[in-house]
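For reference, the chains in residue letters:
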Amino acid sequence: MTPWLQRQRHLIDFTVEALARRKGRNLALLVVYALMVFVLASVLLFSQALRREAALLLAQAPEITVQRLVAGRMDLVPAAHLERLAGLRGVASAQGRLWGYYYDPATQANYTLMVPLTDPPPPGTMQVGPTLARFWRLGVGDVLSLRTHDGRAFPLSVQGILPTDSALVAADLVLIAEADFRAFFGIPAGLYTDLVLKVRNPREVAKVAQKVQRDLPDTRPIIREEILRTYAALFDWREGMVMVLLSGAVLAFMILAWDKASGLSAEERREIGVLKAIGWETSDILAMKLWEGLLVSVFAFLLGYLAAYVHVAAFSASLFVPVLKGWSVLYPDFALTPQVDPFQVFTLFFLTVFPYALATLVPVWRSAVADPDAVMRQ
Amino acid sequence: MVLNPAMVALVIASLVGSLMLAYSAAFGWHLIRHWDLASGSELQLGLERHTYLISTLVAFVLASEALGLLLFVYNADRLAPLFVGAMCAVGTLNTSAFGFPALMLKILVFFAASTWLILHRLDTRGWDYPLTRVKYGLLFLIAPLILAETWFQARFFLAMDTDVITSCCGSLFGSNRKALGSELAGLPAGPAMALFFGTLGLTLGLGLGSLRRPLLGYGYALASALAFVVTLVAIVSFVSLYVYEHPHHHCPFCLLKAEYGYQGYLLYVPLFLATALGIGSGVVRPFAGVQSLSGLVEPMARHLTLASLWLFGFLTLWTALIVARSGLVLIGGAG
């Protein structure tokens, strides 16, 4: 081992002993520190997990969704539009979608009713999302009656329950047959809610969207990448806002760290005095104090980050859900999979350890340059 | 308007770094005028004590710049999906004229701070702190750099305008901005490779030579700086191609991604360290004549040169290995 390394090892040894001598004081700081890391890390891990869910969902989404606007409001799309778009060069397939919302007074929630594009359930039956099924205690073969647009009862028997792995979208979903859908909402044949286009070559997506807009000026094409972008910007922005809001807490923590570092106890002061008297240099004391800060930081960081991971993974970040997720009545209880990525750890490090180091720098320097006789006499 | 935690962190870090170095420079001015080691006055004692604070501050800024550099690139990469046409960090940095200057200033601040710390280390070895005035004069150079960096970075972040869906229409047709250039064009692979291995060979040769003839040490420092630039050019023009095994993907930042096994770190970390140490080895040499440093400069320069040589050597071998291992054939493919 080089002398330099050996020296650092001894300094660390000494620092750990010194920390252990003042357990109560350091524990208090550690707890507050870890708590702050915990809060910030929870926000980051949680929104990371949400972002991942959104990306997973949208990966399956069609390249282009076409909506029709009438007087600036979304309207039903006639089948003629569909035929026109299917003929565009570059479009692999065009399909009309049927979906809508149904407000259920009993649960006071909105259900999403939808006709699946591939293998829809036979007429008179439906497939329901897991949360909805749990709420009504529905099993296969049970019948649930909904009210149609003109007030009639519309009984549907459960053909199957959707798997829970797509809970974020499927929670309040009801899949029914096309004939049922049209009868239920009173939508005549030949009209769709919106259209979806599949485009074979990803580089042609923008061009195809432009053609859609040119041929059918009353529509608005929405590209999947745009949705992804909007979500990413939204999550980033929410995260950033939460961070800005939490900066007050960081500031309070910095004041605490400053105070803790500058308010040396008589005993500590004597210790520094003795160390200097027996030959320690100012730079040694400085190094020791910086090691102390580093050790506390690393420990608090790991503790806080771990706690945040558990908070997000096991408790679905129950403390921050309302701020970051938005709200809906029938929100699914979905298990989040937090991801640890280096980018996040760096960011978190900057937002926690950096302020701590900053706050303790000057006090540490002050205590290190003090004269031995002056401190011992006090 | 784009806002995310990493940007908050970067802005705070740069602001704090600027404040620290501005304070240090202001103190430096005070120090240069009043520094007198022979005096035992309270003023001199205060100055001496403050030098500990300043060196700690500069070390702190160096560490935060090094981490900030990584975070900055990572962040740019992460933001890429927000901009039409941006595939990775290059696209994001190209969203305005401030992106690349901010990055370059960050790199400059890093090297300036590392050079300062090397000088500081030498200075503390002499009993009379002979380089104090030089060091604090140097702070006047570093402080404007970091201030400029902070400004450019802030402008870069503020100028970001994403192409997101607005309530009225899909954004695509609202903006007629042309697609961002996401690629960096590079030199053709053949000449770039010759340039890279030539420069690195020259650098290694000068470094080895300087172990015998100290005068070559200046050449080595210059060659180190040159090797830094040449290596960056090489990464853009051929190393990246071999890593991605794709003849048109020139991005120097995607190397840092998990998809490519984080190979970039093994290029960039040695490169930055080797360059910093190499430049440092030359910067200490002019002070060999200072009386209180006699006999100290040469061993330190040797030490720095050796460490830097190992790193440059590793870099050269690693690059050669990347080229050899890659499935891509750019030059003289058989058949």
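What you see is a predicted model; the values in this text were computed from it and never measured.

K.L.:
What is the right way to read the overall build of chain B from this model?
P.N.:
Broken down by element type, chain B carries nine helices and zero strands. A buried classification covers 53% of the 335 residues belonging to chain B. A fraction of 75% describes how many contacts in chain B between residues 6 or more apart in sequence connect residues 24 or more apart. Across chain B, the 17 positively charged side chains and the 14 negatively charged ones have centroids separated by 6 Å.

K.L.:
Would you explain the domain arrangement of chain B in this entry?
P.N.:
Where interface size is quoted, it is often the accessible area lost as the parts come together. All names here are of chain B. Assigned domains within chain B: domain 1 (1-161) and domain 2 (183-329). Computed from C-alpha atoms alone, the centre-to-centre distance between domain 1 and domain 2 is 23 Å. Across the boundary between the two partners, domain 1 contributes 27 residues, which contact 26 residues of domain 2. Taking both sides of the interface into account, the surface hidden between domain 1 and domain 2 amounts to around 2200 Å²; carbon and sulfur atoms contribute 85%. Inspection of the region where domain 1 meets domain 2 yields two residue pairs in polar contact (both at pLDDT 80 or more).

K.L.:
Sorry, what's going on with the interface of chain A and chain B here?
P.N.:
Counting residues at the interface gives 45 residues for chain A, matched by 41 residues for chain B. The interface formed by chain A and chain B includes zero salt bridges. In this assembly, chain A and chain B are joined by three residue pairs in polar contact (both at pLDDT 80 or more). Looking at the side of chain A that touches chain B, the elements that each hand over two or more residues are helix H2 (23-59), helix H7 (205-215), strand E12 (219-223), helix H8 (224-262), helix H10 (282-315) and helix H12 (342-369) of chain A.

K.L.:
Help me understand the packing of helix H7 (residues 216-244) of chain B against helix H8 (residues 263-284) of chain B, please; the structure alone is not making it clear to me.
P.N.:
Think of two packed helices as two axes; the pair is described by the angle between the axes and how far apart they sit. Residues and elements named next belong to chain B. Their axes nearest at 7 Å, the elements H7 and H8 cross at an angle of 165°. The orientation of H7 with respect to H8, classified from their angle, is roughly antiparallel. Here H7 and H8 pass one another in a crossing that is left-handed. Grouping the amino acids of the contact of H7 with H8 by side-chain chemistry returns 15 nonpolar, eight polar and no charged.

K.L.:
I keep staring at the confidence of the model for chain A and nothing clicks. Help me out?
P.N.:
It should be kept in mind that the predicted coordinates are not to be read in detail where pLDDT is low. For chain A, per-residue confidence averages 83 on the pLDDT scale, and 92% of positions sit at 70 or higher. When the elements of chain A are averaged for pLDDT, helix H11 (residues 321-325) of chain A gives the smallest value, 59, and strand E10 (residues 191-192) of chain A the largest, 92.

K.L.:
For this particular structure, what's the right way to read the pairing of E12(A)?
P.N.:
Residues and elements named next belong to chain A. Counting buried residues along E12, five of its five residues qualify, which places the element largely inside the surrounding structure. Of the two faces of E12, the one lined by Thr219, Pro221 and Ile223 and the one lined by Arg220 and Ile222 are each fully buried. With five bridges joining them, strand E1 (residues 64-70) and E12 adopt antiparallel strand pairing. Note that in E12 the partner of Val66 across the bridge is Pro221.

K.L.:
Please clarify how the domain arrangement of chain A should be interpreted in this entry.
P.N.:
Domain boundaries assigned for chain A yield domain 1 (3-58 + 230-377) and domain 2 (77-192). Distance from the C-alpha centre of domain 1 of chain A to the C-alpha centre of domain 2 of chain A: 49 Å.

K.L.:
Would you explain the nonpolar core in this entry?
P.N.:
For soluble globular proteins, nonpolar side chains are generally found buried alongside one another. In this structure, B:Leu103, B:Phe238 and B:Phe253 are the most contacted members of the largest nonpolar core, which totals 148 residues. Setting aside residues up to four positions removed in sequence, B:Leu103 forms contacts with B:Leu69, B:Phe72, B:Val73, B:Leu93 and B:Phe253. A:Val77, A:Tyr111, A:Tyr192 and A:Ala209 belong to the second largest nonpolar core, which has 39 residues in total.

K.L.:
Can you walk me through the environment of A:Ala206 in this structure?
P.N.:
Residues and elements named next belong to chain A. Tracing the sequence through the fold places Ala206 in helix H7. Judged by its relative accessible area of 34%, Ala206 is partly exposed. Note: C-alpha distance between Ala206 and Arg134 (72 residues apart in sequence) is 42 Å.

K.L.:
I tried to follow helix H6 (residues 189-212) of chain B on my own but got confused; where do I start?
P.N.:
An α-helical segment advances 3.6 residues per turn. Residues three or four places apart therefore align on the same side. Residues and elements named next belong to chain B. Between its terminal C-alpha atoms H6 stretches 35 Å, which fits the 34 Å expected from 24 residues at 1.5 Å a residue. Here H6 has its buried residues at Ala189, Ala192, Met193, Phe196, Thr199, Leu200, Thr203, Leu206, Gly207, Ser210 and Leu211. As for H6, its buried residues are in contact with H7 and helix H9 (297-325).

K.L.:
What is the right way to look at unusual backbone geometry in this model?
P.N.:
Backbone phi values are negative for most residues with the exception of glycine, while trans is the configuration of most peptide bonds. Residues and elements named next belong to chain A. Within the chain, Arg137 stands out as a residue other than glycine whose phi angle is a positive 50°. When you line up the elements, Arg137 lands in the loop between helix H4 (130-136) and strand E7 (143-147). Residue Arg137 is classed as exposed on the basis of its relative accessible area, which comes to 75%.

Rules used in this analysis
- Residues numbered from 1 in each chain as written.
- Chains lettered and ligands numbered in written order.
- Predicted model: local features only at pLDDT ≥ 70, side-chain atom pairs only at ≥ 80, totals over all residues.
- Heavy atoms only, no water.
- Helix = DSSP H or I, 4+ residues; strand = E, 2+ residues; numbered from the N terminus.
- Buried < 20%, exposed > 50% of the residue type's maximum accessible area, 1.4 Å probe, protein only.
- Contact = heavy atoms within 4.5 Å.
- Lys, Arg positive; Asp, Glu negative; His and termini not counted.
- Charge placed at Lys NZ, Arg CZ, Asp CG, Glu CD.
- Domains from an automatic or database assignment.
- Buried area = accessible area lost by both parts, 1.4 Å probe.
- Polar contact = N/O pair within 3.5 Å; in protein donor to acceptor, adjacent residues only side chain to side chain.
- Salt bridge = Lys/Arg side-chain N within 4 Å of Asp/Glu carboxyl O.
- Axes fitted to C-alpha atoms, helices over the stretch in contact; angles between N-to-C directions.
- Parallel < 35°, antiparallel > 145°, perpendicular 65-115°, else oblique.
- Left-handed = near helix turned anticlockwise from the far one by under 90°.
- Nonpolar A, V, L, I, M, F, W, Y, C, P; charged D, E, K, R; others polar.
- pLDDT = per-residue confidence, 0-100.
- Pairing = 2+ DSSP bridges.
- Core = buried A, V, L, I, M, F, W, Y, C linked by side-chain atoms within 4.5 Å.
- Expected span 1.5 Å × (residues − 1).

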